[in-house]
Amino acid sequence: MEAEKIQQEQLLEKEKKDEGKYEAALNLLFYEGQIAWQMNILFVALNVGIGTIIGDFLFDLNTHYKLLSVFSFAGIFINIAWLGTFKRNNKYYHFRMAQAREAEPKSWELLRARGYNFSKGHEIIIASEEIESKDKSHQLTSFEKRYSNKRAIEFAIWIFIIGFLLLCWCCLYFFFQNICK
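Here goes a summary of the coordinates provided. These numbers come from a predicted model, not from an experiment. (Residues numbered from 1 in each chain as written. Predicted model: local features only at pLDDT ≥ 70, side-chain atom pairs only at ≥ 80, totals over all residues. Heavy atoms only, no water.)

## Topic: the overall build of the protein
Along the protein, the regular secondary structure elements total five helices and two strands. Counting from the amino terminus, helix and strand elements in the protein follow one another as α-α-α-β-β-α-α. Computed over its C-alpha atoms, the radius of gyration of the protein comes to 26 Å, more than 25% above the 16 Å expected for a compact globule of 181 residues. When burial is assessed residue by residue, the protein has 24% of its 181 residues classed as buried. Put simply, of all contacts in the protein between residues at least 6 apart along the chain, 65% involve residues at least 24 apart. When the accessible surface of the protein is summed, it comes to about 13,300 Å², and 63% of that surface belongs to carbon and sulfur atoms. If the 22 positive side-chain charges of the protein are averaged to one point and the 21 negative ones to another, these points end up 11 Å apart. (Helix = DSSP H or I, 4+ residues; strand = E, 2+ residues; numbered from the N terminus. Rg over C-alpha atoms; globule rule 2.2 N^0.38 Å. Buried < 20%, exposed > 50% of the residue type's maximum accessible area, 1.4 Å probe, protein only. Contact = heavy atoms within 4.5 Å. Areas by Shrake-Rupley, 256 points an atom, 1.4 Å probe, with all protein chains shown as cover. Lys, Arg positive; Asp, Glu negative; His and termini not counted. Charge placed at Lys NZ, Arg CZ, Asp CG, Glu CD.)

Here it is in structure tokens:
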């Protein structure tokens, strides 16, 4: 009887320790998500700032092409840096998610089984009587699977890079046109 009690106490202690590990993993996951979000905000703000400055001079490209070329190079550099930090932050986020899945208590099924399967496009049924039947089935559509937040942000970064490359090309055109005069 005493051995069973000791074994049960050890099991409860292990469960508390595992829950603490899971909580720590979730905190790290949350932290990585915050860092990624803050970096995206920083780079969007830099693009808005450069875009505002460029907008003031864009209609007189023939006169301000040198200044605009500097800002277009700055925009290209900033967005390449954004792309790099974005990809790095995503790697960290996926690493922390994997750690949280690993640390999750097996019976919880929040991230490990159901969350993972949902993210891969599988249908998840919530079998609770408190939930209305219309809210029990959850599955991403093929469109939603294809266009994740990560892809949308990466697409936006590439649009900025292409836009600054086009502006740079236009500035080079005016530069060579003025040299040839």
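Now, onward.
## Focus: the nonpolar core
Among the nonpolar cores identified, the biggest contains 19 residues, and Ile50, Ile54, Leu61, Ile157 and Cys171 are the most heavily contacted of them. When contributions to this core are tallied by element, the ones reaching two or more residues are helix H1 (2-57), helix H2 (61-103) and helix H5 (149-179). Element by element, the count of residues in this core is highest for H2, at nine residues. Apart from the residues lying within four places of it in its own chain, the contact partners of Ile50 are Phe71, Ala74, Gly75, Ile78 and Phe164. Residues Leu29, Met97, Ala100 and Ala103 belong to the second largest nonpolar core, which totals seven residues. (Core = buried A, V, L, I, M, F, W, Y, C linked by side-chain atoms within 4.5 Å.)

## Focus on a nonpolar patch on the surface
On the surface, a nonpolar cluster with roughly 370 Å² of combined accessible area is contributed by Leu172, Phe175, Phe176 and Ile179. Mapped onto the fold, Ile179 is located in helix H5. (Patch = residues over 30% accessible without salt bridge, like charges linked within 9 Å, V, L, I, M, F, W, Y side chains within 5 Å. Salt bridge = Lys/Arg side-chain N within 4 Å of Asp/Glu carboxyl O.)

## Here we look at the environment of Ala113
With respect to the secondary-structure elements, Ala113 resides in the loop between H2 and helix H3 (114-119). Taking the C-alpha atoms as reference points, Ala113 and Tyr92, separated by 21 residues in sequence, lie 21 Å from one another.

## Let's talk about the packing of aromatic side chains
As enumerated under the stated definition, the model contains seven aromatic pairs in all. Measuring from centroid to centroid gives 5.5 Å for Tyr173 and Phe174, while their planes differ by 80 degrees, and the two rings are edge-to-face. We classify Tyr173 as partly exposed; its relative accessible area is 46%. For Phe174, a relative accessible area of 17% puts it in the buried group. A connected cluster of aromatic rings, assembled from ring pairs, spans Phe43, Trp82 and Phe160. (Phe/Tyr/Trp six-rings, centres within 6.5 Å; stacked < 30°, edge-to-face > 60°.)

## Some points on the pattern of salt bridges
Tallying each qualifying case throughout the model produces three salt bridges. Of the charged contacts, one joins Lys14 and Asp18 as a salt bridge, the two residues approaching to 2.8 Å between their closest N and O atoms. Taken together, the residues span about one helical turn, with Lys14 and Asp18 both in helix H1 at a distance of four residues.

## Re the layout of surface pockets
Estimated volume of the largest pocket: approximately 920 Å³. In terms of lining, the largest pocket is formed by 25 residues, of which the most central are Tyr93, His94, Ser148, Asn149 and Lys150. At the level of secondary structure, the elements contributing two or more residues to the lining of the largest pocket comprise H1, H2, H3, helix H4 (142-146) and H5. The element contributing the most residues to the lining of the largest pocket is H2, with seven residues. Looking at the lining of the largest pocket residue by residue, the class counts come to nine nonpolar, nine polar and seven charged. (1 Å grid on protein atoms, 1.4 Å probe; cavity = no way out; pocket = protein on both sides within 12 Å on 5 of 7 lines; lining within 4 Å. Points joined across faces, edges and corners; volume = space filled by probe spheres on them. Nonpolar A, V, L, I, M, F, W, Y, C, P; charged D, E, K, R; others polar.)

## Topic: a positive patch on the surface
On the surface, a cluster of positive charge is contributed by Lys91, Lys120, Lys145, Arg146, Lys150 and Arg151. Elements with a minimum of two residues in the positive patch: H4 and H5.

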